[in-house]
Amino acid sequence: MNDHKNDDEARRRELGDNAGPVEEEIEESFDRTVDEGAQRLNRTFPDVLITGLFGGFEIGVGVIAYLAVLHETDNHLLAGLAFSAGFIALLLAKSELFTEGFLVPIAAVTAKQASLAQLGKLWGGTLIANLAGGWIFMLIAMNAFPQWAGTVTTSAEHYVGAGFGWESICLALLGGSTITLMTRMQHGTEEMSGKLMAAVVGGFVLSGLQLFHSILDSLLIFGAILAGADISYLDWLSWFGYTVVFNVIGGILLVTALRLVRDRKLVEREREKTS
């Protein structure tokens, strides 16, 4: 009997401090998420802008990969797979994309490791810098590949021509939840192979299914405008205004809030540490 009890205790030590390996992995993932969120939220504003600017450049790599494949194949699913190069670049270069900020920083704020003011600084600075970096990148790209003018125009018209309605709202909700889930998957493992697979899956679903994403699709619209399409910046702003709102709602309500409810005991533990 004692030998059986000792075997159980040895097995428990092997699996971790919690009741099982799944719980241990959830706790480790939560700790990584909060730690990274606190680090990102404590950046200076110039650092936020620079990191966001690089994020705009690097997501642009995915956009030109997407356009190259779409131009040659006219297949959105294959093009979406190619777009994952942008998420891989963001992952490996440690840059910042506005819509990646719906889980990691909010977890840190909820755990009282950072403030709402810091979250506003991160979101606002990253959003502006992403758009600026993306516009510059697309200016260069459309001059480098003028043959893509028709392809980028057709892609952009899919978004600006959609109009505000339930379909557009749902596409934006799914866009926000998809990239937030991708971020959650990447923080759920320490293995680089798993993080890269999450980037590929996220890129495929987001771009291959033409979900509405406030930054990614803005680059396509910027490219069409710069290529001379009959699309204005006011058209872009009308689309962007509601898309960014429902991206935030989708990311927070469909992914982040549910994760934090599940991890509420871990959140309470972090708050007690701060107190």
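See the structure above.
Residues numbered from 1 in each chain as written. Predicted model: local features only at pLDDT ≥ 70, side-chain atom pairs only at ≥ 80, totals over all residues. Heavy atoms only, no water.

Asker: Explanation requested: the overall build of the chain in the structure shown.
Answerer: A count of helical and extended segments in the chain gives 12 helices and 0 strands. Going from N to C terminus, the chain has its helices and strands arranged as α-α-α-α-α-α-α-α-α-α-α-α. Across the 275 residues of the chain, 48% fall into the buried class. In the chain, 82% of the contacts between residues at least 6 apart in sequence involve partners at least 24 apart. In the structure as shown, the chain presents an accessible area of about 13,100 Å², 62% of it carried by carbon and sulfur atoms. (Helix = DSSP H or I, 4+ residues; strand = E, 2+ residues; numbered from the N terminus. Buried < 20%, exposed > 50% of the residue type's maximum accessible area, 1.4 Å probe, protein only. Contact = heavy atoms within 4.5 Å. Areas by Shrake-Rupley, 256 points an atom, 1.4 Å probe, with all protein chains shown as cover.)

Asker: How should I be thinking about helix α9 (residues 192-208) in this particular structure?
Answerer: One turn of the α-helix equals 3.6 residues, which is why residues spaced by three or four share an orientation. Compared with an ideal rise of 1.5 Å per residue, which puts 17 residues at 24 Å, α9 spans 23 Å between its outermost C-alpha atoms and is within 8% of the ideal. Where α9 is buried, its residues meet α3 (45-73), α4 (76-93), α8 (166-187) and α10 (216-226). Directly beyond the C-terminal end of α9, a positive phi value near 55° is found at Q210. (Expected span 1.5 Å × (residues − 1).)

Asker: Help me understand unusual backbone geometry in this model?
Answerer: The phi torsion of most residues other than glycine is negative, and most of the peptide bonds are trans. The backbone of K94 sits at a positive phi, close to 60°, despite the residue not being glycine. Tracing the backbone through its elements, the reader meets K94 in the loop between α4 and α5 (104-110). You can call K94 exposed: its relative accessible area is 61%. Of note in the backbone geometry, Q210 takes a positive phi value of approximately 55° without being a glycine. Note that Q210 resides in the loop between α9 and α10. Of the residues examined, Q210 reaches a relative accessible area of 13% and is grouped as buried.

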